[in-house]
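Chain and residue survey
Chain by chain, the residues run as shown.
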Amino acid sequence: MLNKQAIKEFGESIRGEIILPGDPGYDEARKVYNGMIDKKPALFAYCESAADVVKAVNFGRDNNMLIAVRGGGHNAGGLGIANDALVIDLSKIRYVRVDRKTNTVRVGGGCTWGDVDHATHPFGLAVPAGVISTTGVGGLALGGGVGYLSRKYGLTIDNILEVDMVLADGSFVTASKNENEDLYWAIRGGGGNFGIVTSFLFRGNSIPENSIIGPTLWNIDKTEQILKWYRDFILNAEEDLYGFFATLTVPGPPFPEELHGKKMCGVVWNYLGSHATVDEVFKPVRDLKPDFEHLGPAPHTVLNSMFDVFYPKGLQWYWKADFIKDIPDEAVVQHVKFGKDLPTPHSTMHLYPINGAAHRLNGADTPWAYRDANWAQVMVGVDPDPVNKEKITNWAKNYHNAIHPYSAGGAYINFIMDEGQESVKASYKQHYDRLVKIKNKYDPKNLFRVNQNIKPSA
Ligand SMILES: Cc1cc2nc3c(=O)[nH]c(=O)nc-3n(C[C@H](O)[C@H](O)[C@H](O)COP(=O)(O)OP(=O)(O)OC[C@H]3O[C@@H](n4cnc5c(N)ncnc54)[C@H](O)[C@@H]3O)c2cc1C
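The notes below deal with the structure included here. (Residues numbered from 1 in each chain as written. Predicted model: local features only at pLDDT ≥ 70, side-chain atom pairs only at ≥ 80, totals over all residues. Heavy atoms only, no water.)

Glancing now at the sheet that holds strand β3 (residues 67-70). Overall, mixed pairing links the four strands, which are arranged β1-β2-β4-β3 in an open sheet. Strands at the two margins of the open sheet, each flanked by one partner only, are β1 (18-19) and β3. As defined by bridge partners, β1 adjoins strand β2 (residues 43-46) across two bridges and the pair is classed as antiparallel. Looking at β2, one finds that I18 is bridged to A45. Across the sheet, helix α3 (residues 50-62) lies against β2, β3 and β4 (86-89), angled at about 170 degrees from β4, the strand it touches most. (Pairing = 2+ DSSP bridges. Helix = DSSP H or I, 4+ residues; strand = E, 2+ residues; numbered from the N terminus. Contact = heavy atoms within 4.5 Å. Axes fitted to C-alpha atoms, helices over the stretch in contact; angles between N-to-C directions.)

Here strand β19 (residues 375-383) lies mainly inside the structure; nine of its nine residues are buried. Along β19, one buried face is formed by W375, Q377, M379, G381 and D383 and the opposite face, lined by A376, V378, V380 and V382, is buried too. Both strand β18 (residues 348-353) and β19 contribute to a ladder of six bridges, which runs antiparallel. When the bridges of β19 are listed, T348 appears paired with V380. (Buried < 20%, exposed > 50% of the residue type's maximum accessible area, 1.4 Å probe, protein only.)

All right, on to the site of the ligand then. The full set close to the ligand counts 35 residues, and V69, G71, G73, V146 and Y412 are the nearest of them. In the model, an oxygen atom of the ligand is placed 2.7 Å from a nitrogen or oxygen of the V69 main chain. Within the side chain of N414, a nitrogen or oxygen atom sits 3.2 Å from an oxygen atom of the ligand. Look at the ligand: alone it shows 950 Å² of surface, and the protein chains cover 97% of it. Of all the elements in the fold, those that place two or more residues in the shell around the ligand are β3, α5 (137-143), β10 (196-203) and β17 (316-324). Per-element accounting of the shell around the ligand gives the leading share, four residues, to α5. The class makeup of the residues in the shell around the ligand is 17 nonpolar, 17 polar and one charged. (Near = heavy atom within 4 Å. Polar contact = N/O pair within 3.5 Å; in protein donor to acceptor, adjacent residues only side chain to side chain. Areas by Shrake-Rupley, 256 points an atom, 1.4 Å probe, with all protein chains shown as cover. Nonpolar A, V, L, I, M, F, W, Y, C, P; charged D, E, K, R; others polar.)

Here we come to the nonpolar core. Counting 123 residues, the largest nonpolar core has F200, F202, W269 and F282 as its most contacted members. Apart from residues no more than four positions distant in its own chain, F200 is found in contact with V105, R106, V107, G109, V137, G138, A141, L142, I160, E162 and V163. Core analysis: the second largest hydrophobic core is formed by 23 residues, L43, C47, M65 and L86 among them. (Core = buried A, V, L, I, M, F, W, Y, C linked by side-chain atoms within 4.5 Å.)

Between two packed helices, the angle of one axis relative to the other and the distance separating the axes together describe the packing. In the contact formed by helix α1 (residues 4-13) and α3, the axes pass within 10 Å of each other and the chain directions differ by 165 degrees. When the interaxial angle is binned, α1 and α3 end up roughly antiparallel. Between α1 and α3 lies a crossing of right-handed hand. Contacts between α1 and α3 pair A6, I7, F10 and S13 from the former with K55, A56 and F59 from the latter. Residue composition of the contact of α1 with α3, grouped by class: five nonpolar, one polar and one charged. (Parallel < 35°, antiparallel > 145°, perpendicular 65-115°, else oblique. Left-handed = near helix turned anticlockwise from the far one by under 90°.)

Our next topic: the packing of aromatic side chains. For the structure on display, the rule yields 27 aromatic pairs. Between Y26 and F44, the ring centres sit 5.9 Å apart and the planes meet at 70 degrees, which makes this aromatic pair edge-to-face. Of the two residues, Y26 sits in helix α2 (residues 26-29) while F44 sits in strand β2, which places them 18 residues apart along the sequence. For the residue pair Y26 and F44, the accessibility class agrees, reading buried in each case. Ring centres 5.0 Å apart and planes at 50 degrees place the aromatic pair F244 and Y352 in the tilted group. Of this pair, F244 sits in strand β13 (residues 241-249) while Y352 is found in strand β18, placing the two residues 108 residues apart along the sequence. (Phe/Tyr/Trp six-rings, centres within 6.5 Å; stacked < 30°, edge-to-face > 60°.)

The next thing to look at is helix α14 (residues 421-428). Every buried residue of α14 is listed here: S423, V424, S427 and Y428. Around the axis of α14, the buried residues are gathered within 125 degrees of arc, so they sit on the same side. The elements touched by buried residues of α14 are α15 (432-442). Positive backbone phi, at 40 degrees, marks K429, one or two positions downstream of α14. (Arc of directions from axis to C-beta.)

Honestly, it's all geometry; don't read function into it.
Next up, the structure:
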C-alpha cells in the first residue's frame, strides 16, 4: 500500500501533475489508443522534464512499484500502462528543435510523429517514421520504425544519433556512438527495456516540398494478380519510390461514393523523385488499370497524417505480425482468402517494404535482427464495437496461422500484442543474448518490464 503522505510529497516535488484513482481525470488518464486495453494503474505522473522523470523513477523504485512508461500510448498490447502501476507519462515533454547547420532534429521523449513532421517540413527535412501521425515517437523509435521513408532513408532506429535517458538507478546519461556505446546499440530496437528516453537526436533527411503520394486501388478480386506483380516490382523499384501493399475496405469520403464499403486491394505510394519523371515511374502501375487512383503532389505532413481520421483513439485492435522475405504463390492464396474475408470495415492487412536503405546496415549494427527481410507484415482486426472483439481477434489469429509458415520466423516488436517471451526472443533472434547482457548491466532488477521484455539473467 502506498503511503498517502509519500504520494503527496512526490506530487509536490515534480512540476507535472499526478492523478490517482478517484480523481476526476483518472478514467481519461487510463485510456490508451487501443480500446481493448482496460488497465487500472495506481498512480499517474505526468512528467514535464527529465528532472521529473528522475524523481518518478526514484519514487517508483524506492516504493517497489511496478513502473509503466507511456509515450504516445499507441502500443498494440497497451504496454504504456499496467494494473497497479506507477505510469510515468511523457506526453508533456513535447518539443522539437531543428538544427539547420547539422540537419539534426532534437525531439522530446513524449512527442508524437505529427509534432516532428510539422517542425521539420519547413526545413525540407524529415525523420523516417510510420504511417499515422498520432503515434508516439518514443515507442516507435525505440522498437524500430517502418514507414514511408524506409526504402530511402532506412528505419527510424537507423536515424537515431543520440538519446538522453534516465536509468533504473535514477542516473541521467547520454547514449551515442561516442558515449555508452552498448546502451546506444541496445536502444536502437530494444524498446524501453533500458531506461526512459527524455530526448532523441535524429538525423534529418532531405525531402521535397511535395512528394507524389496516394493510393492506387483494385477490386479485391484482383488481389492475386496485383500482389504477384507488386512483390517483384517493389523489390526492384528505385529507392525514391515507396509503396506498401494493403487489403482494406474503402471508408467514406473523400473516397468516391460508389466505392464506399467495397473491399479492395492496393498500394499506398510515396515518390520522392523528380515530378518530371512521375508518368514514367507510375507507368507500370497504371498499366494495371487501377479501379481507383488518387496520386498527386502533397507535403510529407499530409502523407503521414492521411489515415489519422479513419483510425481515431479508442477503437478495438487485435494485432498479429510477421517478417517476410518472399511472398510465394501459396502465401498469395492465403492473402486472397483473408482479404475477401476482412471481418469489419476498419480491419486491414499491410505489407510494409523494408528493403532498400533499411538493408544497408549490417545485421549486427542494431538489435533489428531481420535486415534480410523484405517486408514487415501486419494484420489488424479493428472495430469500434467491443461486441466484435472475438470476430476481429479470430480473423487476425487465423490469418497469421495461415501466413506464418511462409514468414522469416519472428515479427516486428511494435506490431505484436503482449505475446510473451518466445515472441520477444523470435523478434530479436541472434541479438537476444547480447540484449540480455546489456539489460543485466543497466537494469538488473528489471524495473522497466512493462514492455516487450528482455529479462535480465543476473
Ligand atoms: C494506428 C497505428 C499505426 C502504427 N503504424 C506504425 C508504422 O507505420 N510503423 C511502425 O513502425 N509502427 C507503427 N505502429 C506501431 C507503433 O510503433 C507502436 O505501437 C509503438 O509502441 C507506439 O509507440 P508509443 O510511444 O505511441 O506507445 P506507448 O504505448 O506509449 O509505448 C510503447 C512502449 O514503448 C515504451 N516507451 C514509449 N516511449 C518511451 C520513452 N520515451 N522511453 C522509454 N520507453 C518508452 C513504453 O514503455 C512501452 O513499452 C502503429 C501503431 C498504431 C496504433
